[in-house]
Amino acid sequence: MTNYKAKKSNLNTLLLQNNMDLEVLEQNTKIPKSQLEDYLSKKVMNLNTAMTVSKELNCQIEDLYEWKTISKK
C-alpha cells in the first residue's frame, strides 16, 4: 500500500500560470489572504479549501502540491 504526503506547495506556480495574485484569489474564494499565505509555505489545505482553490485555478487538487510517497506494508 502506498500513502501520500503533501511535500511542497505549488500554489505560487499555479497563481503565476493563471495570471493571478493572492488578492484576486482571496476575492474569488473568500479565503483570507493570511490563510492563503500560510498555504504558500507550510500549512496544508483541508479538502474543502483545496477543492475551492483548485476550481478557481483550473487544476486538480493533486496539482496543488508536490507529493511524497510513503510505502506501508
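Please refer to the structure placed before this passage.
Computed from a predicted model, the values in this text were never measured in an experiment.

Novice: Tell me about the overall build of the chain, residues and numbers included.
Specialist: Helices and strands together make up the secondary structure of the chain, namely four helices and two strands. Reading the chain from its N terminus to its C terminus gives the helix and strand order β-α-α-α-α-β. Projected onto the principal axes, the alpha-carbon positions of the chain cover approximately 45 × 20 × 20 Å. When each of the 73 residues of the chain is scored for burial, the buried share is 30%. Counting contacts in the chain only where the partners sit at least 6 residues apart, residues at least 24 apart contribute 63% of the total. Summed over all atoms, the accessible surface of the chain reaches about 5,200 Å², with 48% contributed by carbon and sulfur. On the chain, the mean spot of the 11 positive side-chain charges and the mean spot of the 9 negative ones are 12 Å from each other.

Novice: Give me the lowdown on unusual backbone geometry, citing residues and values where you can.
Specialist: Of note, Asn-19 is a non-glycine position whose phi angle comes to about 50°, a positive value. Mapping Asn-19 onto the fold places it in the loop between helix H1 (11–17) and helix H2 (22–29).

Novice: Could you give an account of the side chain of Ser-54, naming the residues involved and the relevant values?
Specialist: In this fold, Ser-54 is placed in helix H4 (residues 47–56). Exposure remark for Ser-54: the relative accessible area of 2% places this residue in the buried category.

Novice: With reference to specific residues and values, describe H4.
Specialist: Within H4, burial applies to Thr-49, Ala-50, Val-53 and Ser-54. Mapping the buried residues of H4 onto a view down its axis gives an arc of 125°, with all of them on the same face. For H4, the exposed residues lying more than 90 degrees away from the buried face are Leu-47, Asn-48 and Lys-55. The inward-facing, buried residues of H4 abut H1, H2 and helix H3 (33–41). The opening residue of H4, the one whose side-chain oxygen lies 3.1 Å from the backbone nitrogen of Asn-48, is Asn-46. Downstream of H4 by one or two residues, Asn-58 has phi in the positive range, about 55°.

About the cut-offs
- Residues numbered from 1 in each chain as written.
- Predicted model: local features only at pLDDT ≥ 70, side-chain atom pairs only at ≥ 80, totals over all residues.
- Heavy atoms only, no water.
- Helix = DSSP H or I, 4+ residues; strand = E, 2+ residues; numbered from the N terminus.
- Buried < 20%, exposed > 50% of the residue type's maximum accessible area, 1.4 Å probe, protein only.
- Contact = heavy atoms within 4.5 Å.
- Areas by Shrake-Rupley, 256 points an atom, 1.4 Å probe, with all protein chains shown as cover.
- Lys, Arg positive; Asp, Glu negative; His and termini not counted.
- Charge placed at Lys NZ, Arg CZ, Asp CG, Glu CD.
- Arc of directions from axis to C-beta.
- Polar contact = N/O pair within 3.5 Å; in protein donor to acceptor, adjacent residues only side chain to side chain.

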